Amino acid sequence: MTVASQSAPRSAAGPATAASGTTASRRAAKVPRGRRSPVRRRSTPLTIVMLAVLAYFLLPLFWLAVASTKSTQDLFNSFGLWFSHSPRLAANIRQTLTYDDGVFLHWLLNTVLYSVGSALGAALLATAAGYGFAKYRFRGNSTAFNLVLGAIMIPSTALAIPTYLLFAKVGLVNTPWAIVLPSLVSPFGLYLMRVYAADAVPDSLLEAARIDGAGELRIFVRIALRLLAPGLVTVVLFTLVATWNNYFLPLIMLNDPKLYPVTVGLSSWAAQAQNGGAGASSDMLALVVTGSLISVIPLVAAFLMLQRYWQSGLAAGGVKQ
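About the cut-offs
- Residues numbered from 1 in each chain as written.
- Predicted model: local features only at pLDDT ≥ 70, side-chain atom pairs only at ≥ 80, totals over all residues.
- Heavy atoms only, no water.
- Axes fitted to C-alpha atoms, helices over the stretch in contact; angles between N-to-C directions.
- Helix = DSSP H or I, 4+ residues; strand = E, 2+ residues; numbered from the N terminus.
- Parallel < 35°, antiparallel > 145°, perpendicular 65-115°, else oblique.
- Contact = heavy atoms within 4.5 Å.
- Nonpolar A, V, L, I, M, F, W, Y, C, P; charged D, E, K, R; others polar.
- Phe/Tyr/Trp six-rings, centres within 6.5 Å; stacked < 30°, edge-to-face > 60°.
- Buried < 20%, exposed > 50% of the residue type's maximum accessible area, 1.4 Å probe, protein only.
- Lys NZ or Arg CZ within 6 Å of the ring centre and 35° of its normal.
- 1 Å grid on protein atoms, 1.4 Å probe; cavity = no way out; pocket = protein on both sides within 12 Å on 5 of 7 lines; lining within 4 Å.
- Points joined across faces, edges and corners; volume = space filled by probe spheres on them.
- Polar contact = N/O pair within 3.5 Å; in protein donor to acceptor, adjacent residues only side chain to side chain.
- Left-handed = near helix turned anticlockwise from the far one by under 90°.

## Some points on the packing of helix α12 (residues 229-244) against helix α15 (residues 284-305)
No. 1: At their nearest, the axes of α12 and α15 sit 11 Å apart, and the two run at 175° to each other. Looking at the two axes, α12 sits roughly antiparallel to α15. Within the contact between the two elements, α12 uses L237, L240, V241 and W244 and α15 uses S295, P298, L299, A302 and F303.
No. 2: When its residues are assigned to classes, the contact of α12 with α15 shows 8 nonpolar, 1 polar and no charged.

Rendered as structure tokens:
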């Protein structure tokens, strides 16, 4: 009996210890698996596709930077994707900025005024309209928003001639307003801000502000506009790029060379270089290329400075909270 009583606890403790050891080993095995970093999978075809896309976007910019260091003769006699033996970037920039009494600087200033004014105005209008569509319920809300979506499908070039005829009736042709006013309407910006405002501005916060006695305009300016700032910056960048690169609308709206933006001005220089018109120099084509490089630099700087704002705006607008 003594031997049996002593051996029984040992045999009973054995399975319990084994069971607890097995459970502990399972838990220990599970912890490292959960803490392991995700395995990075490499796909050779995907890498090749991404490199091709990267080259597609960067090669034109690289060619522009290389061509800006060449004379007109070197543009045709040297390899296009590499520098010539006698680079002259500084001379090209100096000639571009001083040619024809510095008209390029005047074009660049016009472009900045048109683009910044249009971008800020379009962003504010799109933000206010998108906020209204997202946070207010009124008769015809869905129908009006569907019309906005339909307007996105209409190309801007199809509206250029009707816009010109309309502005000619009111005497706004050949004025800066002929460029700024059409650019204030941004259907894509309105759609983007409507989607973004639906999640970025909580309804409970608006109700709390109304209970405290705040008016609708004050709520929009003091509360909603701050929450919509990343989306607003995104619309500013998109409109800025669209107005900066706009060519067809200024071409038909403006007759005075002093009102030209950079796109139309450089096009007139290119026409002089091809036709050999009055005032054309032997390095006119090099000036066109250098002017194109200078006109790209402000856009690149704007994207780099505002990158974190518009990336967070696009990300937050696509995730429901």
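This is not the end of the story, as more comes after the structure.
## What about the environment of L113?
No. 1: Its place among the elements puts L113 in helix α5 (residues 103-135).
No. 2: When the C-alpha atoms of L113 and W244 are compared, they prove to be 9.8 Å apart, with 131 residues separating the residues in sequence.

## A closer look at the packing of aromatic side chains
No. 1: The tally for this structure, following the rule as stated, stands at 11 aromatic pairs.
No. 2: Both rings, one in F133 and one in F138, keep their centres 6.0 Å apart while their planes meet at 45°; by these two values the pair is tilted.
No. 3: The class of F133 is buried, set by a relative accessible area of 10%.
No. 4: On the accessibility criterion, F138 (43% relative accessible area) is partly exposed.
No. 5: An aromatic cluster is present here, built from Y99, F104, W107 and W269 joined pairwise through their rings.
No. 6: A cation over a ring is seen here: R194 above F145, with NZ or CZ 4.6 Å from the ring centre.

## Section: the layout of surface pockets
Take a probe with the size of a water molecule and roll it over the atoms, and the empty space left behind shows itself.
No. 1: By volume, the largest pocket is sized at about 820 Å³.
No. 2: Every residue lining the largest pocket is counted, 25 residues in all, and those nearest its centre are S156, P182, V185, S186 and P187.
No. 3: Going through the elements one at a time, α6 (141-152), α7 (160-170), α8 (177-183), α9 (187-200), α12 and α13 (248-253) are the ones with two or more residues in the lining of the largest pocket.
No. 4: No other element matches the 5 residues that α12 contributes to the lining of the largest pocket.
No. 5: A breakdown of the residues in the lining of the largest pocket according to their chemical character gives 16 nonpolar, 9 polar and no charged.
No. 6: There is about 150 Å³ of room inside the second largest pocket.
No. 7: Around the second largest pocket, the lining residues are W244, N245, V262, T263, L266, S292, S295, V296 and L299.

## Some remarks on the side chain of S295
No. 1: Note that S295 resides in helix α15.
No. 2: In this structure the side chain of S295 is engaged in a polar contact, spanning 2.7 Å, whose partner is the backbone oxygen of S292.

## Regarding the packing of α6 against α9
No. 1: At a minimum axis separation of 8 Å, α6 and α9 run at an interaxial angle of 135°. In this view, α6 runs oblique relative to α9, as classed from their interaxial angle. You can see that α6 and α9 cross each other, and the crossing is left-handed. Between α6, through F145, V148, L149, A151 and I152, and α9, the contact on the second element is made entirely by P187, F188, L190, Y191 and R194.
No. 2: The residue makeup of the contact of α6 with α9, split by class, is 9 nonpolar, no polar and 1 charged.

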